[in-house]
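Take a look at the letters that make up each chain.
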Amino acid sequence: MELEFTIEPFVEGQPGPHVRAAVAAAEAVGVDVDFGPFGSTCQAPAAAMPDVVAAIVAAAFGNGATHVSLHVSLDDAPREGREPELESSIDRDEVPGGSGTARS
């Protein structure tokens, strides 16, 4: 899965402690962060993504963020390369640990 995140307040070229702490927190749970000028991205297995999101949010708000935007999506991996629990969840329109509805 891929996570794109933006943390505010935003100051171009001068990421504050709220941004640096969030990036460090994501890296501490084992993901590589591609730090960009307007937002950052990282990839993680579906089972690890909740921990990545929680670490980013906690570190950002714990260090002065006023807003955190998150966008989580499936990467472009072929269906056969996906984790079995994720694949069955996709088929039922739900995410692991969430509530979804079965497709008709």
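See the structure above.
Note that the structure is predicted; figures quoted are calculated from it, not measured.

Further remarks concern the nonpolar core. Leu3, Phe5, Ile7, Val52 and Ile56 are the most contacted members of the largest nonpolar core, which totals 20 residues. Per-element accounting of this core gives the leading share, 5 residues, to helix α2 (residues 49–62). Ignoring any residue separated from it by four or fewer positions in sequence, one finds Phe5 in contact with Val23, Val33, Gly39, Ser40, Thr41, Cys42, Ile56, Ser69 and Leu70.

Bringing the packing of helix α1 (residues 17–28) against α2 into the picture now. Direction vectors running N to C along α1 and α2 enclose 155 degrees, while the axes themselves pass 8 Å from each other. As summarised for this structure, α1 and α2 are arranged roughly antiparallel, according to the angle between their axes. Like other packed secondary-structure pairs, α1 and α2 cross with a definite hand, here right-handed. Facing α1, whose interface residues are His18, Ala21, Ala22, Ala25 and Ala26, α2 presents Val52, Ala55, Ile56, Ala59 and Ala60. Broken down by class, the residue content of the contact of α1 with α2 amounts to 9 nonpolar, 1 polar and no charged.

So, on to the packing of aromatic side chains. Enumeration according to the criterion identifies 1 aromatic pair in this entry. Centre to centre, the rings of Phe10 and Phe38 are 5.6 Å apart; their planes meet at 35 degrees, and the pair counts as tilted. On the criterion of sequence distance, the pair formed by Phe10 in the loop between β1 (2–8) and α1 and Phe38 in the loop between β2 (33–35) and β3 (40–43) is long-range, its members being 28 residues apart. A residue is classified by how much of its surface remains accessible, and Phe10, at 39% relative accessible area, is partly exposed. The class for Phe38 is exposed, based on a relative accessible area of 52%.

Turning our attention to the sheet that holds β2. Strands pair in a sheet through their backbones, by hydrogen bonds, and they do so in one of two ways: parallel or antiparallel. Pairing is antiparallel in the open sheet, where 4 strands are placed in the order β2-β3-β1-β4. On the outer flanks of this sheet lie β2 and β4 (67–73), each paired with one strand and no other. Each adjacent strand pair in this sheet contributes to an overall mean axis angle of 20 degrees, direction not counted.

Let us look at α2. A rise of 1.5 Å per residue sets the reference length of α2, with its 14 residues, at 20 Å; its end C-alpha atoms lie 20 Å apart and thus fit the reference within 8%. Buried within α2 are the following residues: Met49, Val52, Val53, Ala55, Ile56, Ala59 and Ala60. Down the axis of α2, the sector holding all buried residues measures 165 degrees, keeping them to one side. Exposed side of α2, more than 90 degrees from the buried face: Pro50, Asp51, Ala58 and Gly62 are the residues found there. Among the residues trailing α2, Gly64 stands out with phi positive, at a value near 105 degrees.

Calculation rules
- Residues numbered from 1 in each chain as written.
- Predicted model: local features only at pLDDT ≥ 70, side-chain atom pairs only at ≥ 80, totals over all residues.
- Heavy atoms only, no water.
- Core = buried A, V, L, I, M, F, W, Y, C linked by side-chain atoms within 4.5 Å.
- Buried < 20%, exposed > 50% of the residue type's maximum accessible area, 1.4 Å probe, protein only.
- Helix = DSSP H or I, 4+ residues; strand = E, 2+ residues; numbered from the N terminus.
- Contact = heavy atoms within 4.5 Å.
- Axes fitted to C-alpha atoms, helices over the stretch in contact; angles between N-to-C directions.
- Parallel < 35°, antiparallel > 145°, perpendicular 65-115°, else oblique.
- Left-handed = near helix turned anticlockwise from the far one by under 90°.
- Nonpolar A, V, L, I, M, F, W, Y, C, P; charged D, E, K, R; others polar.
- Phe/Tyr/Trp six-rings, centres within 6.5 Å; stacked < 30°, edge-to-face > 60°.
- Pairing = 2+ DSSP bridges.
- Expected span 1.5 Å × (residues − 1).
- Arc of directions from axis to C-beta.

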